[in-house]
Amino acid sequence: MKRWPQILWLTVVWVLLWGYVTPTIVVGGLVVALLVTVLFPLPVLNRLPFRPWPLLRLGAFLVADLFRSGWDVAVETLRYGPKSRAGIVAVPLLTDSERVITLIAGAAALTPGSFVLQIDRAGCVLYVYALGLRSAADAEQTRAHMRRLQERVVSAVGVDGVTPTDGRSPAEAT
Amino acid sequence: MIRDIVSSVFLLGGALFCLLGAIGLVRLPDLPARLQAATKPQTLGLLFVLIGTAVRLEFENAATLVLVILFQAVTAPVISQIVARSAYRTGAVDTDLLVIDELTARVAEQDGK
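The structure reproduced in this document is the subject of the present report. The shown structure was predicted, so the numbers you read here are calculated from the model rather than taken from an experiment. (Residues numbered from 1 in each chain as written. Chains lettered and ligands numbered in written order. Predicted model: local features only at pLDDT ≥ 70, side-chain atom pairs only at ≥ 80, totals over all residues. Heavy atoms only, no water.)

1. Some remarks on helix H5 (residues 136-157) of chain A
An α-helical turn contains 3.6 residues, so a residue and the one three or four places further along point in the same direction.
For step 1, the next point in the chain: Here H5(A) is 22 residues long and its end C-alpha atoms lie 32 Å apart, about the 32 Å a rise of 1.5 Å per residue gives.
For step 2, the next point in the chain: Ala139(A), Thr142(A), Arg143(A), His145(A), Met146(A), Leu149(A), Gln150(A), Val153(A), Val154(A), Ala156(A) and Val157(A) are the residues of H5(A) that are buried. (Helix = DSSP H or I, 4+ residues; strand = E, 2+ residues; numbered from the N terminus. Expected span 1.5 Å × (residues − 1). Buried < 20%, exposed > 50% of the residue type's maximum accessible area, 1.4 Å probe, protein only.)

2. Notes on helix H3 (residues 52-79) of chain A
For step 1, the next point in the chain: Taking 1.5 Å as the rise per residue, H3(A) with 28 residues should run 40 Å; its terminal C-alpha atoms sit 40 Å apart, in good agreement.
For step 2, the next point in the chain: If you follow the buried residues of H3(A), they end up packed against helix H4 (98-108), strand E3 (125-131) and H5 of chain A together with helix H1 (2-27) and helix H2 (31-56) of chain B.
For step 3, the next point in the chain: Two residues or fewer past H3(A), Gly81(A) is found with a positive phi of approximately 55 degrees. (Contact = heavy atoms within 4.5 Å.)

3. Describing the nonpolar core
For step 1, the next point in the chain: Of all hydrophobic cores here, the largest spans 36 residues; its most connected members are Leu126(A), Met146(A), Leu149(A) and Val153(A).
For step 2, the next point in the chain: When contributions to this core are tallied by element, the ones reaching two or more residues are H3, strand E1 (86-92), H4, E3 and H5 of chain A together with H1, H2 and helix H3 (59-89) of chain B.
For step 3, the next point in the chain: Core analysis: the next-biggest nonpolar cluster, separate from the first, contains 21 residues, Leu117(A), Ala37(B), Ala87(B) and Val93(B) among them. (Core = buried A, V, L, I, M, F, W, Y, C linked by side-chain atoms within 4.5 Å.)

4. Description of the environment of Leu131(A)
For step 1, the next point in the chain: As for its position among the elements, Leu131(A) is in strand E3.
For step 2, the next point in the chain: A relative accessible area of 11% means that Leu131(A) is categorised as buried.

5. Observations concerning a nonpolar patch on the surface
For step 1, the next point in the chain: Among the surface-exposed residues, Trp4(A), Leu8(A), Trp9(A), Val12(A), Leu70(B), Phe71(B) and Val74(B) lie close enough to one another that they form a single nonpolar patch of about 670 Å² accessible area.
For step 2, the next point in the chain: Those elements giving two or more residues to the nonpolar patch turn out to be helix H1 (4-18) of chain A together with H3 of chain B.
For step 3, the next point in the chain: Sorting elements by how many residues they give to the nonpolar patch places H1(A) first, with four residues.
For step 4, the next point in the chain: Structurally, the position occupied by Phe71(B) is in helix H3. (Patch = residues over 30% accessible without salt bridge, like charges linked within 9 Å, V, L, I, M, F, W, Y side chains within 5 Å. Areas by Shrake-Rupley, 256 points an atom, 1.4 Å probe, with all protein chains shown as cover. Salt bridge = Lys/Arg side-chain N within 4 Å of Asp/Glu carboxyl O.)

Following this line, the structure appears as structure tokens:
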């Protein structure tokens, strides 16, 4: 039974939705989780590695990012409003695992003022939209931040052996 | 008493960030910028409101709120990315507002080949 994590998670969600734990609810949750898993099967993939400590650090990093991005966007709104500027920055990808890229794109949406606009799988480049860019230095800062974020994600769930971490600049990568 | 103060600080802070998000929707110039306003301060505001609510609730009920913020944090990025991507492809992004645009250069280069 390779799907037990999914069943376990669905049961936990069920119990949380009820808000309290009784044997009936737990058993009911298990039944519903089993039904959902059997009726709507997802493809079974090799599990991503689970490294608790880097994962925890990634979580803390993302929460900090969420706070900063909420603040940054608010400041940009109030200070510049209609005159605010943005930019699209190319960021070289540090991994070629599709699931890890998905996670990176999701995490990037929490970073201050930016999200992933386009993913170039062949060239291994992410195109990141960032609000509040004003100069080339800001663009470099965004690139550096995205790089740190990617390193965190890869160290938390990256698959060994498919992480060619080289320092190519986006110009060379294209 | 302390609970009330903590909870009201979080609720008001959350409301403030939601308001800032709404102001951003009006004041920011183009679609991707507005998407930022709709996702970033809004998510933070929701997080604060939920924390403020959780402080007032018994533990069992507060646990459900964890789900709310979790699903918000998981779904908001996906939606913003899809909308932004379609916006870029249909030309709804005002390129005059971009300080640096490495994607358009790349697209032009590919079309040229």
